[in-house]
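Examining the three-dimensional arrangement
Chain by chain, the residues run as shown.
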Amino acid sequence: MAKTATFGVRHLGTSFGVGYALTGSVTIAGAITFVEPAVNTVLHYFFDRAWERRRTRPAPAG
(Lines give C-alpha, C1' and ligand atoms only; values in the text may rest on other atoms or scores of the structure.)
Protein backbone atom coordinates (compact mmCIF):
# COMPACT_ATOMS: atom_id res chain seq x y z
CA MET A 1 0.00 0.00 0.00
CA ALA A 2 2.86 2.40 0.73
CA LYS A 3 4.22 1.95 -2.79
CA THR A 4 0.79 2.73 -4.28
CA ALA A 5 0.35 5.81 -2.09
CA THR A 6 3.83 7.03 -2.97
CA PHE A 7 3.10 6.55 -6.67
CA GLY A 8 -0.15 8.51 -6.30
CA VAL A 9 1.58 11.42 -4.61
CA ARG A 10 4.35 11.38 -7.22
CA HIS A 11 1.76 11.33 -10.01
CA LEU A 12 -0.03 14.36 -8.55
CA GLY A 13 3.27 16.20 -8.15
CA THR A 14 4.29 15.43 -11.71
CA SER A 15 0.90 16.49 -13.02
CA PHE A 16 1.09 19.78 -11.14
CA GLY A 17 4.67 20.39 -12.22
CA VAL A 18 3.96 19.79 -15.90
CA GLY A 19 0.78 21.88 -15.77
CA TYR A 20 2.61 24.73 -14.11
CA ALA A 21 5.57 24.51 -16.51
CA LEU A 22 3.24 24.67 -19.51
CA THR A 23 0.93 27.42 -18.25
CA GLY A 24 2.76 29.36 -15.53
CA SER A 25 -0.52 29.36 -13.59
CA VAL A 26 -0.93 27.74 -10.17
CA THR A 27 -4.72 27.76 -10.66
CA ILE A 28 -4.65 25.99 -14.01
CA ALA A 29 -1.96 23.55 -12.84
CA GLY A 30 -4.08 22.76 -9.77
CA ALA A 31 -7.15 22.15 -11.92
CA ILE A 32 -5.19 19.86 -14.22
CA THR A 33 -3.85 17.99 -11.19
CA PHE A 34 -7.34 17.04 -10.04
CA VAL A 35 -9.27 16.88 -13.34
CA GLU A 36 -6.82 14.59 -15.15
CA PRO A 37 -7.05 11.71 -12.61
CA ALA A 38 -10.85 11.95 -12.60
CA VAL A 39 -11.02 11.75 -16.40
CA ASN A 40 -8.44 8.98 -16.43
CA THR A 41 -10.51 6.97 -13.93
CA VAL A 42 -13.63 7.19 -16.11
CA LEU A 43 -11.70 6.26 -19.24
CA HIS A 44 -10.09 3.33 -17.41
CA TYR A 45 -13.54 2.00 -16.49
CA PHE A 46 -14.57 1.88 -20.16
CA PHE A 47 -11.19 0.47 -21.17
CA ASP A 48 -11.64 -2.38 -18.67
CA ARG A 49 -15.13 -3.14 -20.01
CA ALA A 50 -13.89 -3.25 -23.62
CA TRP A 51 -10.88 -5.36 -22.63
CA GLU A 52 -13.09 -7.85 -20.80
CA ARG A 53 -15.43 -8.15 -23.82
CA ARG A 54 -12.41 -8.77 -26.05
CA ARG A 55 -11.03 -11.36 -23.64
CA THR A 56 -14.27 -13.32 -23.33
CA ARG A 57 -15.37 -13.39 -26.97
CA PRO A 58 -15.20 -16.79 -28.67
CA ALA A 59 -12.08 -17.67 -30.63
CA PRO A 60 -12.45 -17.52 -34.43
CA ALA A 61 -13.18 -20.84 -36.13
CA GLY A 62 -10.50 -22.31 -38.27
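Structural data are supplied above this passage.
Counting of residues starts from 1 at the beginning of each chain's written sequence and follows it residue by residue. In keeping with the model being predicted, local features are shown solely for residues with a pLDDT of at least 70 and side-chain atom pairs are shown and tallied solely at 80 or more, while totals for entire chains, interfaces and linings include all residues. Only heavy atoms go into the side-chain values, all of them from the structure, while hydrogens and water stay out.

On to the pattern of salt bridges. Throughout this description, the term salt bridge denotes a Lys or Arg side-chain nitrogen within 4 Å of a carboxyl oxygen of Asp or Glu. The tally for this structure, following the rule as stated, stands at one salt bridge. Of the charged contacts in the structure, one is a salt bridge between glutamate 52 and arginine 55, with a shortest N-O distance of 2.6 Å. With glutamate 52 and arginine 55 both in helix 2 (residues 26-56), this residue pair falls three residues apart, about one helical turn. Whether a residue is buried, partly exposed or exposed follows from its accessible area with a 1.4 Å probe, protein chains only, as a fraction of its type maximum: under 20%, in between, or over 50%, in that order. On the basis of relative accessibility, which here comes to 36%, the residue glutamate 52 falls in the partly exposed class. Judged by relative accessible area, arginine 55 falls into the exposed class, the value being 54%. Note on conventions: DSSP H or I runs of at least 4 residues are helices, E runs of at least 2 residues are strands, and numbering of each starts at the N terminus.

With that out of the way, let us pick up the packing of aromatic side chains. Only centres within 6.5 Å qualify two rings of Phe, Tyr or Trp (six-membered ring in Trp) as a pair; their planes then separate them into stacked at under 30 degrees, edge-to-face at over 60, and tilted for everything else. Using the criterion set out here, one finds three aromatic pairs in the structure. Both rings, one in tyrosine 45 and one in phenylalanine 46, keep their centres 5.1 Å apart while their planes meet at 75°; by these two values the pair is edge-to-face. Under the relative-accessibility criterion, tyrosine 45 is labelled partly exposed at 45%. A relative accessible area of 47% places phenylalanine 46 in the partly exposed class. One residue, arginine 54, lies across the ring of tryptophan 51, its end atom 5.2 Å from the ring centre. Only lysine NZ and arginine CZ atoms are considered, and such an atom sits over a ring when it is within 6 Å of the ring centre and within 35 degrees of the ring normal.

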